[in-house]
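So you can see what is in the structure, the chains are spelled out below.
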Amino acid sequence: MELQTMTALELSKKIRQRQVKVADGVKEVFDQIEKKEGKVHAYLDLYKKDALARAKEVEKGIMDGTYTGPLAGVPIAVKDNICIKGKKTTCASKILENFVPQYNAEVIDRLEKAGMIVIGKTNMDEFAMGSTTETSAYGVTRNPWDLEHVPGGSSGGSCAAVAAGEAFMALGSDTGGSIRQPSSFCGVTGIKPTYGTVSRYGLVAYASSLDQIGPVGKDVADCAALLEVIAGHDPKDSTSLDRKDLDFSKSIEEKKLLGMKFGVPKEFLAKGLDPEVKDAFMETLKVLTSQGAIVEFFSVETMEYMIPAYYIIASAEASSNLERFDGVKYGYRAAEYEGLHDMYKKTRTEGFGEEVKRRIMLGSFVLSSGYYDAYYLKALRTKALIKQEFDRAFDKYDVILAPAAPYTAPKIGESLKDPLAMYLGDIYTVAVNLCGLPGITVPCGQDKAGMPIGIQMIGNCFGEHKILRAAAAYEAE
């Protein structure tokens, strides 16, 4: 079996059985990067020299029993909003073009303890604001399935890298669908965990109450194994949960759906859904039913409020979180200015891209006196109502099914013409973040043009085991 066709778990098994060297896996990834990166542009920074040196360390650690985990020796890509000590972390923004953190994100320490090898930082929408990876200050990432199309976003670089064979697996972050939607567009698997399951320490904040780091992999088993590595309580993150049920790989051993109840929101299949995506979705329902699952339709009355509530809350938190980027302590500073206030204005005007400025302005507006009650507080109340509606659904169903996106990957340039249409493209994913729920996207077909289609499985809080079991059973079928 060629290395590039292996899953991460298969590669690590071969390494631990001494059939493959750790350096072989690293070299295979960099060979693929050399062949494809010029066209795909999944990465912003690569660490070839460091990765090969780390491969020797890991090889020794596997031999002496230091690294025994199921992902030891696996090369991994990391989204460029996750801090790595001594390596640039730009969030794909000009304002952080030379920012070098002095510490590791908690997830990076956990990758290293597991014997994994970070090979580089992946491209993303600037500060994770976007759905196409076109708002990056450092160029567009292209979809490996068709280079004229976007890979989705904001974790488009991570998903494109896995899809192109330029990484065995990757870390992304998900604020409103930023792992699940590009996973669908790129034909890979991605998980957004329950809020608080993975530490956000060292993740550059977009919207603190919504952000979660999660895995991207070739299949469900890889994602479950990586989630086990990065999940767990972290005292450095005040929102981190102390969970005991972190043995995610066990939940996929039983690839049976007999008796599981799936709910499908009727409103998710109404207008705006591409017919080919709908056909693939309905075909998935047939497959689940044939495996003994019970599939029922139900109504979600709050659907029309999900996008407005999400963008008000996310933009408000973004405007607050991005206040720190002012040219004073770190990052970009305008070359010419007169006085402190002029320096602030010019630095932020020159340093931020159009989409980030748009969201900062929207967030500042909804938090301003006179509008705070009318918009921000109302959005928070709406968020509570959406959560209540999902709570009622999970009283009846084990898993909720939804498309990952209303369409397959659009062509480059199409989405940025109409930002509002781009926001509406997140219609099936934002509720998961508003409610703190776990969700997984798995491939479920292709459209006539050969572009991938993904299906989203949503669980109740702490319900990763159920969605992983369901996803693994569907994948096996």
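For the structure, check the block above.
Scoring rules and cut-offs
Residues numbered from 1 in each chain as written. Predicted model: local features only at pLDDT ≥ 70, side-chain atom pairs only at ≥ 80, totals over all residues. Heavy atoms only, no water. Helix = DSSP H or I, 4+ residues; strand = E, 2+ residues; numbered from the N terminus. Buried < 20%, exposed > 50% of the residue type's maximum accessible area, 1.4 Å probe, protein only. Contact = heavy atoms within 4.5 Å. Expected span 1.5 Å × (residues − 1). Bend = angle between axes of the 7 residues up to and from the residue. Axes fitted to C-alpha atoms, helices over the stretch in contact; angles between N-to-C directions. Parallel < 35°, antiparallel > 145°, perpendicular 65-115°, else oblique. Nonpolar A, V, L, I, M, F, W, Y, C, P; charged D, E, K, R; others polar. Phe/Tyr/Trp six-rings, centres within 6.5 Å; stacked < 30°, edge-to-face > 60°. Lys NZ or Arg CZ within 6 Å of the ring centre and 35° of its normal. Pairing = 2+ DSSP bridges. Patch = residues over 30% accessible without salt bridge, like charges linked within 9 Å, V, L, I, M, F, W, Y side chains within 5 Å. Areas by Shrake-Rupley, 256 points an atom, 1.4 Å probe, with all protein chains shown as cover. Salt bridge = Lys/Arg side-chain N within 4 Å of Asp/Glu carboxyl O. 1 Å grid on protein atoms, 1.4 Å probe; cavity = no way out; pocket = protein on both sides within 12 Å on 5 of 7 lines; lining within 4 Å. Points joined across faces, edges and corners; volume = space filled by probe spheres on them. Core = buried A, V, L, I, M, F, W, Y, C linked by side-chain atoms within 4.5 Å.

Here the focus is the side chain of Q291. With respect to the helices, strands and loops of the structure, Q291 is situated in the loop between α8 (275-290) and β8 (294-298). We classify Q291 as buried; its relative accessible area is 17%. Contact partners of Q291, with chain neighbours within four places excluded, come to L257, L258, A473, Y474 and E477.

With that settled, the discussion passes to helix α12 (residues 372-396). The terminal C-alpha atoms of α12, which comprises 25 residues, lie 36 Å apart, in line with the 36 Å expected from a rise of 1.5 Å per residue. The sharpest bend along α12 reaches about 25° and sits at K378. Residues of α12 that are buried: Y376, A379, T382, K383, I386, E389, F390, A393 and F394. Elements that come into contact with the buried residues of α12 comprise β8, α9 (303-321), α11 (354-367), β9 (399-403), α14 (430-434) and β11 (452-458).

We now examine the packing of α11 against α12. Two quantities define a packed helix pair, namely the angle between the axes and the distance from one axis to the other. Taken N-terminus to C-terminus, the directions of α11 and α12 make an angle of 105°; their axes are 7 Å apart at the nearest point. Taken as axis vectors, α11 and α12 run roughly perpendicular relative to one another. Residues F365, V366 and L367 of α11 lie in contact with α12, whose contacting residues are Y372, Y375 and Y376. Its residues assigned to classes, the contact of α11 with α12 comprises six nonpolar, no polar and no charged.

Inspection of the entire model under this criterion finds 14 aromatic pairs. Arranged with centres 6.3 Å apart and planes meeting at 35°, the rings of F185 and Y407 form a pair that is tilted. Taken together, the positions of F185 in helix α6 (residues 180-186) and Y407 in the loop between β9 and α13 (419-424) put the pair 222 residues apart, joining distant regions of the chain. Measuring from centroid to centroid gives 5.4 Å for Y372 and Y376, while their planes differ by 45°, and the two rings are tilted. Of this pair, Y372 and Y376 both sit in helix α12, four residues apart, which is roughly one turn of the helix. Take Y372: its relative accessible area is 33%, and that puts it in the partly exposed class. Given a relative accessible area of 13%, Y376 falls into the buried group. Among the aromatic residues, ring-to-ring pairing joins F99, F127, F325, Y330 and F352 into one connected group. In this structure, K87 is placed above the aromatic ring of Y47, and the distance from its NZ or CZ to the ring centre is 4.7 Å. The residue whose ring lies beneath K236 is Y201, and the NZ or CZ to ring-centre distance is 5.0 Å.

What follows concerns the pairing of β9. The buried fraction of β9 is high, at five of five residues. Burial of β9 is two-sided: the residues V399, L401 and P403 facing one way and the residues I400 and A402 facing the other way are all buried. In the sheet, strand β7 (residues 261-265) pairs with β9 via two bridges, with the strands oriented parallel. Counterpart to G263 in the pairing with β9 is I400. Pairing geometry for β9 and β11, over four bridges, is antiparallel. Paired with P403 across the two strands is I455, which belongs to β11.

Moving on, we get to a nonpolar patch on the surface. On the surface, a nonpolar cluster with roughly 340 Å² of combined accessible area is contributed by L362, F365, Y371 and Y375. Tracing the backbone shows L362 in helix α11. Among the residues examined, L362 registers a relative accessible area of 33% and is labelled partly exposed.

This model, assessed by the stated rule, comprises three cavities of 30 Å³ or more. Computed from the structure, the largest cavity encloses a volume of approximately 80 Å³. Lining of the largest cavity is provided by 14 residues; of these, G130, S131, S178, Y310 and D426 occupy positions nearest its centre. Considered class by class, the residues forming the lining of the largest cavity number five nonpolar, seven polar and two charged.

The next thing to look at is the pattern of salt bridges. Per the stated rule, a full pass over the model turns up 18 salt bridges. Put simply, K286 and E283 hold a salt bridge, and the shortest N to O gap is 3.8 Å. One end of the pair is K286 and the other is E283, both in helix α8 and three residues apart, which spans about a single turn. The exposed category is assigned to K286, whose relative accessible area is 54%. Overall, the relative accessible area of 43% leaves E283 in the partly exposed class. A salt bridge links K466 to D398, with the nearest nitrogen and oxygen atoms 3.1 Å apart. With K466 in helix α15 (residues 464-476) and D398 in the loop between α12 and β9, this pair connects stretches of sequence that are 68 residues apart. Judged by relative accessible area, which is 40%, K466 ranks as partly exposed.

As a further point, take the nonpolar core. L111, F127, L226, I230, L401 and M457 are the most contacted members of the largest nonpolar core, which totals 148 residues. With 10 residues, α9 is the largest single contributor of residues to this core. Not counting residues within four places of it along the chain, the set of residues in contact with L111 comprises I76, V78, M116, V118, L171, L226, V229 and I230. Of all hydrophobic cores here, the second largest spans five residues; its members include V150, F185, A409 and M451.

The next point concerns the sheet that holds strand β2 (residues 75-79). Across the sheet, which stays open at both edges, the 11 strands sit in the order β1-β3-β2-β4-β6-β5-β10-β11-β9-β7-β8 with mixed pairing between neighbours. Every interior strand has two partners, whereas the edge strands, β1 (43-46) and β8, have only one. With strand direction ignored, the average angle separating the axes of adjacent strands in the sheet is 30°. Pairing geometry for strand β5 (residues 189-192) and strand β6 (residues 212-217), over two bridges, is antiparallel. Paired with G190 across the two strands is V216, which belongs to β6. Packing against the sheet, helix α7 (residues 220-230) makes contact with β2, β4 (169-174), β5, β6 and β10 (439-446), and its axis sits at approximately 145° to β6.

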